[in-house]
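# Structure assessment
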Amino acid sequence: MTSLFLEDAYLSTVEANVTGVREDGGIVLDQTCFYATSGGQPGDTGFFERENGDKIIIAGTVTGDTKAEIIHVPAPGQATPDIGEKLVLHIDWDRRYNLMRMHTACHLLSVVCPYPITGAAVSETDSRIDFDMTETIDKAEVTARLMELVKANHPIFNRWISEADLEANPDLIKSKNVRPPRGQGDIRLVCIGEESVIDSQPCGGTHVGETAEVGEIHIGKIEKKGKENRRFRIRFGPAPA
Ligand SMILES: [Zn+2]
């Protein structure tokens, strides 16, 4: 299984071959552009097109025993493809693109608020990040700093490094609060800004290519969740007056 979204988040359609159908109906392919639920980002939905034009609606995408194993979950009542069958995969692109914008916004928030992250969830319309912090921050100020990063249109790119390289150069990771997984081979860093000047952190999710694509966002709410926890909500659009 080749996870094509790791190299190209903009690949919305691709051809693939069925390599397995699980007892629960989950479809396994030789390669896929469908992102599987992980790291707070929900998996892709969409459909598979069969050679005769029939569609198999995909309701979700999840990982199996390892992150490299990706299982496409058909909606109830869909036909089962044959092993070896060629399919054309189509992601629900509007939904995925919004998730890419929101996920990237979370990276920007971790730049503006460089505190340890204790939880995160991305959705099509908003995102939340929980920070381990005690300070009180003005949400209008956070919104203004987020929008500065968006408007500056910094490039966003991937950089793969070996665990050994990372150990020798710990400064490659600018966001110290995200620990890369160990023992799974090379690590993908998601870098923002020329020469990663704004940020770099290990992440397996999907992101837009330039910060301006995030578009207008604002902090909708900052909730106090216990003495040392603040929950930030990022929403699309301008802050309500
Ligand atoms: Zn990410």
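Every chain's residues receive numbers from 1 upward, in the order its sequence appears when written. Where totals are concerned, whole chains, interfaces and linings use all residues; where local detail is concerned, this predicted model gives features only for residues with pLDDT of at least 70, and gives and counts side-chain atom pairs only at 80 or more.

Going by what an unreviewed UniProt entry lists, the chain is known as Alanine--tRNA ligase and is assigned to Hoeflea ulvae. UniProt positions are given in the numbering used here, feature names are shortened, and annotations may be inferred rather than shown by experiment. What the UniProt record of the chain gives under Cofactor (unreviewed entry) is the line "Zn(2+)".

As annotated, the domain borders come from an automatic or database domain assignment. Looking at the chain, the domain boundaries give domain 1 (2-91) and domain 2 (96-236). Inter-centroid distance (C-alpha atoms) of domain 1 to domain 2 is 27 Å. Each partner contributes residues to the interface: domain 1 has 12 residues there, and domain 2 has 14 residues. Ten residue types, Ala, Val, Leu, Ile, Met, Phe, Trp, Tyr, Cys and Pro, are classed as nonpolar, four, Asp, Glu, Lys and Arg, as charged, and the remainder, Gly among them, as polar. Among the residues forming the side of domain 1 that touches domain 2, the class breakdown is six nonpolar, four polar and two charged. Note that contacts rest on C-beta atoms placed from the backbone: two residues are in contact if these are within 7 Å.

Formed by 38 residues in total, the largest nonpolar core has its most connected members in Phe34, Ala105, Cys106, Leu109 and Ile234. Top element by residues in this core is helix α1 (residues 93-112). It accounts for seven residues. Mapped onto the domain boundaries, this core takes at least three residues apiece from domain 1 (2-91) and domain 2 (96-236). Excluding residues that lie within four positions of it along the chain, phenylalanine 34 makes contacts with Gly43, Asp44, Gly46, Ile58, Thr61, Ile70, His72, Leu89 and Ile91. Think of a nonpolar core as buried Ala, Val, Leu, Ile, Met, Phe, Trp, Tyr and Cys residues, each tied to the set through C-beta atoms within 7 Å. Here exposure depends only on C-beta density: within 10 Å of a residue's C-beta, 20 or more other C-beta atoms make it buried, 12 or fewer make it exposed, and intermediate numbers make it partly exposed, the C-beta atoms being placed from the backbone. In DSSP terms, a helix is any run of H or I states spanning at least four residues, a strand is any run of E spanning at least two, and both are numbered starting from the N terminus.

What follows concerns the pairing of strand β5 (residues 46-49). Across four bridges, β5 lies against strand β6 (residues 55-63) in antiparallel orientation. Among the inter-strand pairings, glycine 46 is bridged to a residue of β6, identified as isoleucine 58. When DSSP finds at least two bridges between two strands, those strands are taken to pair. In terms of strand pairing, β5 meets strand β8 (residues 86-91) through four bridges, oriented antiparallel. Counted as the bridge partner of phenylalanine 47 is histidine 90 from β8.

Moving on to the packing of α1 against helix α2 (residues 139-151). When two helices pack together, their arrangement is captured by the angle between the axes and the distance separating the axes. All axes are obtained by fitting lines to C-alpha atoms, using only the stretch in contact for helices, and the reported angles, taken between N-to-C directions, cover 0 to 180 degrees. It is at 10 Å that the axes of α1 and α2 come closest, and there the two elements cross at 120°. As the angle between them shows, α1 and α2 are arranged oblique. The way α1 lies across α2 gives a crossing that is right-handed. Facing Leu108, Leu109, Val111 and Val112 of α1, the residues of α2 in contact are Val142, Arg145, Leu146 and Leu149. Its residues assigned to classes, the contact of α1 with α2 shows seven nonpolar, no polar and one charged. Oblique is the label for any angle not under 35 degrees, not over 145, and not in the 65 to 115 range, which are roughly parallel, roughly antiparallel and roughly perpendicular in turn. Each helix crossing is assigned a hand: it is left-handed if the near helix lies turned anticlockwise from the far helix by less than a right angle, otherwise right-handed if that turn is clockwise.

Time to look at the sheet that holds strand β11 (residues 156-161). Overall, antiparallel pairing links the three strands, which are arranged β11-β12-β13 in an open sheet. Since the sheet does not close on itself, it has two edges, and those belong to β11 and β13 (199-202), each with one partner. Averaged over neighbouring strand pairs, the angle between their axes works out to 25° when direction is ignored. Where strand β12 (residues 187-192) and β13 come together, four bridges link them in antiparallel fashion. Directly across from valine 190, in β13, lies its bridge partner glutamine 201.

Moving on, we come to the pairing of strand β15 (residues 229-236). In terms of strand pairing, strand β10 (residues 126-132) meets β15 through seven bridges, oriented antiparallel. From the neighbouring strand, phenylalanine 131 faces β15, where its bridge partner is arginine 230. Sheet analysis places strand β14 (residues 217-224) next to β15, joined by seven bridges and oriented antiparallel. Its bridge partner lying in β15, glutamate 223 is registered against arginine 231. Here β14 folds back onto β15 in antiparallel fashion, the turn holding four residues, of which glycine 226 has a positive phi close to 85°.

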